[in-house]
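Descriptive analysis of the structure
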Amino acid sequence: MSVMKDEQLIGFISGAITNPSEIEAIVAWIEASPENRKQYNNLLNSWAISGIVLESCDLNLDYSFSQLKKKKFGLYAILNYLKYAAAIILILACGALIPRVATRMITAPDEIVWTEIKVPCGQNAEITLADSTKVWLNSGSNFRYPNTFNPQNRQVALNGEAFFRVKSDKYHPFHIQTNGMNVRVTGTTFNVEAYDTEKSMAVTLVEGQVELRTQSGKLISKMTPNMLATLNKKNNTLEFKNVDTNFYTSWMEGTISFRHEPLEKIAAKLERWYNVQIIFDQPDIKDIQFSGSVLRNKPIDQIFEVLTFTSGIGYQMETRNNQPNIIHLKHLPMKKN
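What comes next concerns the included structure. (Residues numbered from 1 in each chain as written. Predicted model: local features only at pLDDT ≥ 70, side-chain atom pairs only at ≥ 80, totals over all residues. Heavy atoms only, no water.)

**Overview of the overall build of the chain**
Helix and strand counts for the chain stand at eight helices and 20 strands. The buried share of the chain, taken over its 337 residues, is 44%. Partitioning the contacts of the chain with sequence separation of at least 6, the portion at a separation of at least 24 is 52%. Total accessible area computed for the chain in this model is approximately 17800 Å², and 50% of it derives from carbon and sulfur atoms. (Helix = DSSP H or I, 4+ residues; strand = E, 2+ residues; numbered from the N terminus. Buried < 20%, exposed > 50% of the residue type's maximum accessible area, 1.4 Å probe, protein only. Contact = heavy atoms within 4.5 Å. Areas by Shrake-Rupley, 256 points an atom, 1.4 Å probe, with all protein chains shown as cover.)

**A look at the pairing of strand E6 (residues 142-146)**
Summarising burial for E6: four of the five residues are buried, a large majority. As paired elements, strand E3 (residues 113-118) and E6 share five bridges and run antiparallel to each other. Bridging from a neighbouring strand, Ile-117 pairs with Phe-143 of E6. Summarising the sheet, E6 and strand E7 (residues 154-165) pair through three bridges and their orientation is antiparallel. Within the sheet, the bridge partner assigned to Arg-144 lies in E7 and is Ala-157. (Pairing = 2+ DSSP bridges.)

**Considerations on the side chain of Ser-141**
For Ser-141, the location among the structural elements is in the loop between strand E5 (134-137) and E6. Separated by 2.8 Å, the side chain of Ser-141 and the backbone oxygen of Asn-138 make a polar contact. Reaching out from Ser-141, the side chain makes a polar contact with the backbone nitrogen of Glu-161 at a distance of 2.9 Å. Discounting residues that sit within four places of it in the chain, Ser-141 has contacts with Ile-117, Lys-118, Val-119, Asn-159, Gly-160, Glu-161 and Tyr-195. (Polar contact = N/O pair within 3.5 Å; in protein donor to acceptor, adjacent residues only side chain to side chain.)

**Quick look at the nonpolar core**
Membership of the largest hydrophobic core comes to 32 residues, with the highest contact counts inside it found for Phe-143, Phe-164, Phe-190, Val-192 and Val-203. In terms of residues, this core owes the most to one element, E7, which gives four residues. Residues in contact with Phe-190, not counting those within four places in the same chain, are Ala-162, Phe-163, Phe-164, Val-166, Ile-176, Val-183, Val-185, Val-203, Thr-204, Leu-205, Val-206 and Val-210. Formed by 24 residues, the second largest nonpolar core is a distinct cluster that contains Leu-270, Val-276, Ile-303 and Leu-307. (Core = buried A, V, L, I, M, F, W, Y, C linked by side-chain atoms within 4.5 Å.)

**Focus on the pattern of salt bridges**
A full pass over the atoms with the stated rule returns five salt bridges. Its salt-bridge partner being Asp-131, residue Arg-154 comes within 2.6 Å of it at the nearest N-O pair. Taken together, the residues span a long stretch of sequence, with Arg-154 in strand E7 and Asp-131 in the loop between strand E4 (125-128) and E5 at a distance of 23 residues. In terms of burial, Arg-154 and Asp-131 fall into one category: buried. Linking Arg-272 and Glu-198 is a salt bridge whose minimum nitrogen-to-oxygen distance equals 3.3 Å. A residue pair is termed long-range when its members are at least 10 positions apart, and Arg-272 in helix H7 (residues 263-274) and Glu-198 in the loop between strand E10 (189-194) and strand E11 (200-207) qualify at 74 residues. No difference in accessibility class separates Arg-272 from Glu-198, as the two residues are buried. Within the structure, one salt-bridge network assembled from shared partners comprises Arg-184, Glu-211 and Arg-213. (Salt bridge = Lys/Arg side-chain N within 4 Å of Asp/Glu carboxyl O.)

**Points about the sheet that holds strand E17 (residues 277-280)**
The mixed open sheet is built from three strands, whose spatial order is E17-E20-E19. Edge strands, defined here as strands with exactly one partner in the open sheet, are E17 and strand E19 (313-318). Taken pair by pair, the neighbouring strands of this sheet meet at an average axis angle of 25°, ignoring direction. Bridge count between E17 and strand E20 (residues 326-331): four bridges; the pairing is parallel. Bridged to Ile-279 within E20 is His-328. Together, E17, E19 and E20 form the strand contacts of helix H8 (residues 300-311), whose direction differs from that of E19 by roughly 155°. (Axes fitted to C-alpha atoms, helices over the stretch in contact; angles between N-to-C directions.)

Given below as structure tokens:
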């Protein structure tokens, strides 16, 4: 096999190719020359970087490696090492960003001085409040808090996503106001995703206990650790389920994680993280579902390259000066046999 198409190698990496003779032919091609191995490794690393899986394809990154191990090909040890070495390098490469955060002081009628923080798209922020509560803010978030809390309670407001580690004080509850429902705690660790522009908001509890309340203060429900509460703003319904909280807080480590999510929702996250505008040239693309993880410090075009391989979605980048770049998504034309 003198020529190998990228689509065949992607099929091998993802496990979509299961025919033993075809697998052996691809492995033989990889071993045939340094150029072949380089082409394969480039695709392998791109796949590992993006971590994107099309829901309808049921792809498994580990499949091809397990097949090689069973057949005891000499190449297996090298490829397995490369796979995990690449992952380690990527994790180490995820450094903390130093954000340029817009702040302004707001003086309320009762003379409490408020600070408003606006985190630009593409950046994160970390702050410590007057009571030693720590708050991590995700891209595109708007957060308001007083320089000093009043004697009755500790109250803040959020439009965006934030991870809270609230200083314990059972006599002075901590309140988070959002455009959906309010969150009340006395001391705990949790994540709140509450962008005004999104159709839902979510609270993920890591430790302690959280009370979900209406905006008027009426108790809706209490949460226990490892629980996710999702509010559908349109019909005002609330859904609870037990989850692995690391999946919903991975953004703090520089990773976008998604599971069975439509591309429209994933695109909204990518827009905030990469400070771009994503346009769907064909509306039905919005509903295609994906699962996976994306490392923040990798170029966004690398993500869409993998989308092209896995789903038949094409993209076109429109570069603009002093404005966010635009990415157009559309179906690729059907290939002729």
